[in-house]
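# Descriptive analysis of the structure
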Amino acid sequence: MIAENLKTVEERIRTACLRAGRPRDSVQLIAVSKTKPAEAVAEAYAAGQRLFGENHAQEIVAKAPQLPKDIRWHFIGNLQKNKVKYLVGVADLIHSVNSEAIAAEIEKQAAKRGLIQNVLLEVNVAEEASKQGASLEALGSLLSFCEAQPHLRLCGLMAVAPLTEDPEESRPYFIRLRQLREELAKQLKDPSSFRELSMGMSGDFEVAVEEGATYIRVGTSIFGPRYYSV
Ligand SMILES: *Cc1c(COP(=O)(O)O)cnc(C)c1O
């Protein structure tokens, strides 16, 4: 089932790349395995998937030891300061830096471990009251703050478009995020690593590919619906 779903998603990515005139390897698929057991991750791994996304630090910590070591984990969830220590050096890329306090904590933990942590800035691109992410207004100063941290590597931007039935409604937000990356890159002394755009989920990843996503985060279309216990 998971292998079959991965194949379908891969085909859709390929077709979207063709439409956009982009090489297939210009965008990476993150299989979002949150709430799914290690067995489901292992199934996707057996089908060739190596990059996975989680939104709780505890889930990475619990699953990673049960799984092959060449799996790469990305953290895509809302970051709590007291959980940062579990993620630094474990997550290849943290997508959700949205405040100076979180950035400062990542800097502290990365310095302690003597490593450089790859991060994206999460942008509240539709300025929704209910959404995580830095406001457009705060973004410039958050960028400068992160640039000044020696153990952070600024790799680009991440956003979650407003929930909608029609993927076309996400397009203006994906375009906006791409423009923001270009504008912000001009503010950096060294913009060479500031290249990534993490955008697009099960409902809208093809539109995201068309608009320049370098990472798409796909859960439901690969692993099926999530069930949350209450
Ligand atoms: C859960 C989640 C996804 C995946 O969502 P699907 O609709 O299941 O593909 C992507 N990005 C973030 C930030 C998420 O929390």
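### Brief notes about the layout of surface pockets
Of the voids in this model, the largest pocket is the one considered here, and its volume is about 650 Å³. What lines the largest pocket is a set of 29 residues, among which Lys34, Val160, Ala161, Met201 and Arg217 lie closest to the centre. Class assignment for the residues of the lining of the largest pocket results in 10 nonpolar, 11 polar and eight charged. Considered as a void within the structure, the second largest pocket measures approximately 260 Å³ in volume. Taken together, 14 residues form the lining of the second largest pocket, with Glu10, Arg24, Leu29, Gly48 and Gln49 sitting closest to its centre. Among the secondary structure elements, those contributing two or more residues to the lining of the second largest pocket are helix H1 (2-20) and strand E1 (28-32). Grouping the amino acids of the lining of the second largest pocket by side-chain chemistry returns six nonpolar, three polar and five charged.

### Quick notes on helix H2 (residues 38-46)
A turn of α-helix holds 3.6 residues, and therefore any two residues three or four places apart point the same way. Burial in H2 covers these residues: Ala38, Ala40, Val41, Ala44 and Tyr45. Viewed along the axis of H2, the buried residues span an arc of 160°, placing them on a single side of the element. Opposite the buried face of H2, by more than 90 degrees, sit the exposed residues Glu39 and Ala46. On its buried face, H2 is in contact with H1, strand E2 (51-54), helix H3 (57-63), strand E3 (72-75) and helix H9 (220-223).

### Concerning empty space enclosed by the protein
Think of a ball as big as a water molecule: rolled over the atoms, this probe shows where empty space is left. Within the structure shown, the criterion is met by one cavity of 30 Å³ or more. Empty space within the largest cavity amounts to approximately 40 Å³. Taken together, the residues of the lining of the largest cavity break down into two nonpolar, five polar and one charged.

Rules of the game
- Residues numbered from 1 in each chain as written.
- Predicted model: local features only at pLDDT ≥ 70, side-chain atom pairs only at ≥ 80, totals over all residues.
- Heavy atoms only, no water.
- 1 Å grid on protein atoms, 1.4 Å probe; cavity = no way out; pocket = protein on both sides within 12 Å on 5 of 7 lines; lining within 4 Å.
- Points joined across faces, edges and corners; volume = space filled by probe spheres on them.
- Nonpolar A, V, L, I, M, F, W, Y, C, P; charged D, E, K, R; others polar.
- Helix = DSSP H or I, 4+ residues; strand = E, 2+ residues; numbered from the N terminus.
- Buried < 20%, exposed > 50% of the residue type's maximum accessible area, 1.4 Å probe, protein only.
- Arc of directions from axis to C-beta.
- Contact = heavy atoms within 4.5 Å.

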